[in-house]
Each structure stands twice: as structure tokens, then as C-alpha cells.
Amino acid sequence: QVQLVESGGGLVQPGGSLTLSCVASGISFKFYTMGWYRQAPGKQRELVATITTSNSPTYADFVKGRFTINRVNKQNTVYLQTNSLQPEDTAVYYCNAHSPGKTLNYWGQGTQVTVSS
């Protein structure tokens, strides 16, 4: 049974930071590209960042320079360090794992990030 369990969300003031974590089980983690997506109320889910099996990250333009994705294969964990958070970053953040060719694709249940003063 595949599980992706996110944690680390919460309420933070503008300019603040949060570290999101996603622990995977039931997959051979090191062979999966990992990613973070987000979905704000009334909007479609959008890509935030991904990191490949060779540790190559990509970022959406709206988070470049503010967010950092990294993975620790020994811990089956992917992290998203979020800095300089703004109200428009408010969303449910989802962890994603996909195999080469995206033949297998898994989602976590999401963690809420709310940026508000």
C-alpha cells in the first residue's frame, strides 16, 4: 500500500517560513521523481516544485528564490522549505510521486498552508 504523508503546514504571517515534509512508504522512493503541488480555493492544482531521482530540482516561476525542494532517500522523505511566504501562497500543498514515464503516480492527502496577518 502506497502512502504519502505530508506534514508541516499551518498558519504563518506574511514574510514567514514553513518547512513541509512528505514521508513515502510502499514505493522504492529513490526511483521516483518527487514533487509538491498546491491548490488554492477555486483554483486548479498547480506545480510548485519537483526533484528528480538524480536530485535535479525545478521550480514554478512564482516560487523561484523563495522555496527549496530537497529529498533524503534514506528517510524516504521530500521537503519543501518555504520562505518569504505571501497571502497568495495560501493553499493546500500536496506531495506527489511518479515513476519514470509517469506510469505510476501517487498523491498525498495534502497539508494546509495559510498565510495571513
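Residues numbered from 1 in each chain as written. Predicted model: local features only at pLDDT ≥ 70, side-chain atom pairs only at ≥ 80, totals over all residues. Heavy atoms only, no water.

(A) Structural detail: the nonpolar core. Of all hydrophobic cores here, the largest spans 28 residues; its most connected members are Met34, Trp36, Val48, Val78, Leu80 and Tyr93. Elements with a contribution of two residues or more to this core: β3 (18-25), β4 (33-39), β5 (46-51), β7 (67-72), β8 (77-82), β9 (91-98) and β11 (111-115). Those residues in contact with Tyr93 that lie beyond four places of it in its chain are Glu6, Leu20, Trp36, Tyr37, Arg38, Val48, Phe67, Leu80, Gly110, Thr111 and Val113. (Core = buried A, V, L, I, M, F, W, Y, C linked by side-chain atoms within 4.5 Å. Buried < 20%, exposed > 50% of the residue type's maximum accessible area, 1.4 Å probe, protein only. Helix = DSSP H or I, 4+ residues; strand = E, 2+ residues; numbered from the N terminus. Contact = heavy atoms within 4.5 Å.)

(B) Looking closely at the side chain of His98. Residue position: His98 is located in strand β9. Dropping the residues within four chain positions of it, His98 is found in contact with Tyr32, Thr33, Leu104 and Asn105.

(C) Broad picture of the pairing of β5. Pairing analysis gives five bridges linking β4 to β5, with the strands arranged antiparallel. Note on β5: the bridge partner recorded for Gly35 is Thr50. Counted between consecutive antiparallel strands, the loop separating β4 from β5 contains six residues, among which Gly42 sits at a positive phi close to 75 degrees. As paired elements, β5 and strand β6 (residues 57-59) share three bridges and run antiparallel to each other. Across the sheet, residue Ala49 finds its bridge partner in β6, namely Tyr59. (Pairing = 2+ DSSP bridges.)

(D) A look at the pairing of β9. Summarising burial for β9: eight of the eight residues are buried, a large majority. Bridge count for β9 against β11 is three bridges, and the pairing is antiparallel. Residue pairing in the sheet places Val92 in a bridge with Gln112 of β11. For β9 and strand β10 (residues 105-107), the ladder comprises three bridges, and the chain directions are antiparallel. From the neighbouring strand, Ala97 faces β10, where its bridge partner is Tyr106. Following β9, the chain reverses through six residues before pairing antiparallel with β10; Gly101 in that reversal takes a positive phi of roughly 75 degrees.

(E) Representation of the pattern of salt bridges within the structure. By the definition in use, this model includes four salt bridges. In this structure, the salt-bridge partner of Glu46 is Arg38, at a minimum N-O distance of 2.8 Å. A relative accessible area of 6% means that Arg38 is categorised as buried. Notably, a salt bridge pairs Arg38 with Asp89, separated by 2.9 Å at the nearest N-O pair. Of this pair, Arg38 sits in strand β4 while Asp89 sits in the loop between β8 and β9, and the two are 51 residues apart along the sequence. (Salt bridge = Lys/Arg side-chain N within 4 Å of Asp/Glu carboxyl O.)

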